[in-house]
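Read off the chains here:
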Amino acid sequence: MDVVINVFVGLHIIGIASLLGGFLTQMKAMGAGTARFVPAMLHGALTMLVTGVILVGLNQMQDYAVDNIKIGVKLAVLIVILGLVYVKRDEEKVEKPLFGLVGLLTVVNIFIALLWT
């Protein structure tokens with residue numbers, strides 16, 4: 001079962017890389033005021049959501065310790081990110097503060113995962 005959990009951890013990391021990578025590729029456009037949410041950002045956030053839920057289930061199934069408060073905070077941050085990206089996905093330009101907020105929340109989610117013990 002540990003192999004399956006590790007596969008889903010890898011997929012979860014791919015999701016965060018897609019979300020953050022999509023943000024980083026639009027940084028120059030954000031400076032020009034023409035940034036937009038690319039499909040990779042939406043797909044990365046959805047991948048994170050699905051794999052995160054599966055990871056919690058698999059870990060609880062194995063009786064591993066799961067910090068439900070940490071998972072709840074990460075889920076709340078991810079839902080905000082997903083909501084913003086989903087609602088604005090078809091717009092040609094996204095306002096700088098809104099686009100920057102998605103990048104900030106993505107980095108916050110990464111640091112919550114790494115530093116909250």
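Residues numbered from 1 in each chain as written. Predicted model: local features only at pLDDT ≥ 70, side-chain atom pairs only at ≥ 80, totals over all residues. Heavy atoms only, no water.

For the chain, the name recorded in an unreviewed UniProt entry is Integral membrane protein, with Streptomyces olivaceiscleroticus as its organism.

**Here we look at the layout of surface pockets**
Considering only enclosed or pocket space, the largest pocket measures out at about 720 Å³ in volume. Every residue lining the largest pocket is counted, 23 residues in all, and those nearest its centre are His12, Leu55, Ile71, Lys74 and Ala113. Taken together, the elements giving at least two residues each to the lining of the largest pocket come down to α1 (2-25), α3 (39-61), α4 (68-87) and α5 (96-115). Residues of the lining of the largest pocket, tallied by class, amount to 16 nonpolar, 4 polar and 3 charged. (1 Å grid on protein atoms, 1.4 Å probe; cavity = no way out; pocket = protein on both sides within 12 Å on 5 of 7 lines; lining within 4 Å. Points joined across faces, edges and corners; volume = space filled by probe spheres on them. Helix = DSSP H or I, 4+ residues; strand = E, 2+ residues; numbered from the N terminus. Nonpolar A, V, L, I, M, F, W, Y, C, P; charged D, E, K, R; others polar.)

**Focus: a nonpolar patch on the surface**
Together, Val3, Val7, Leu11 and Ile14 make up a nonpolar patch on the protein surface, roughly 370 Å² of accessible area in all. With respect to the helices, strands and loops of the structure, Leu11 is situated in helix α1. (Patch = residues over 30% accessible without salt bridge, like charges linked within 9 Å, V, L, I, M, F, W, Y side chains within 5 Å. Areas by Shrake-Rupley, 256 points an atom, 1.4 Å probe, with all protein chains shown as cover. Salt bridge = Lys/Arg side-chain N within 4 Å of Asp/Glu carboxyl O.)

**A few points about the nonpolar core**
Core analysis: the largest hydrophobic core is formed by 24 residues, its most contacted members being Phe37, Met41, Ile81, Val85, Phe99 and Val102. Considering each element in turn, this core owes the most residues, 6 residues, to α4. Not counting residues up to four positions away in its chain, the partners in contact with Val102 are Phe37, Met41, Ile81, Leu84 and Val85. (Core = buried A, V, L, I, M, F, W, Y, C linked by side-chain atoms within 4.5 Å. Buried < 20%, exposed > 50% of the residue type's maximum accessible area, 1.4 Å probe, protein only. Contact = heavy atoms within 4.5 Å.)

**Things to note about unusual backbone geometry**
Phi angles above zero are rare outside glycine, and Asp63 is one such case at about 65°. Inspection of the secondary structure assignment puts Asp63 in the loop between α3 and α4.

**Remarks on the confidence of the model for the chain**
Looking at the chain as a whole, the pLDDT averages 96, with 100% of positions reaching at least 70. No element of the chain has a lower mean pLDDT than helix α2 (residues 27-32), at 93, and none a higher one than α4, at 98. (pLDDT = per-residue confidence, 0-100.)

**Side note on the environment of Ile13**
Note on placement: Ile13 falls in helix α1. When its relative accessible area of 51% is taken as the criterion, Ile13 is described as exposed. A C-alpha to C-alpha distance of 18 Å links Ile13 and Gly72, two positions 59 residues apart in sequence.

**What about the UniProt feature "transmembrane region" (unreviewed entry) in the chain?**
UniProt marks residues 6-25, 37-57, 69-86 and 98-116 with the feature "transmembrane region" (unreviewed entry), using the numbering shown here. Span residues 37-57 is 90% helix and 0% strand, its end C-alpha atoms 30 Å apart. Measuring from the first to the last C-alpha atom of residues 69-86 gives 25 Å, for a span that is 100% helix and 0% strand. (UniProt positions renumbered as here; feature names shortened; annotations may be inferred.)

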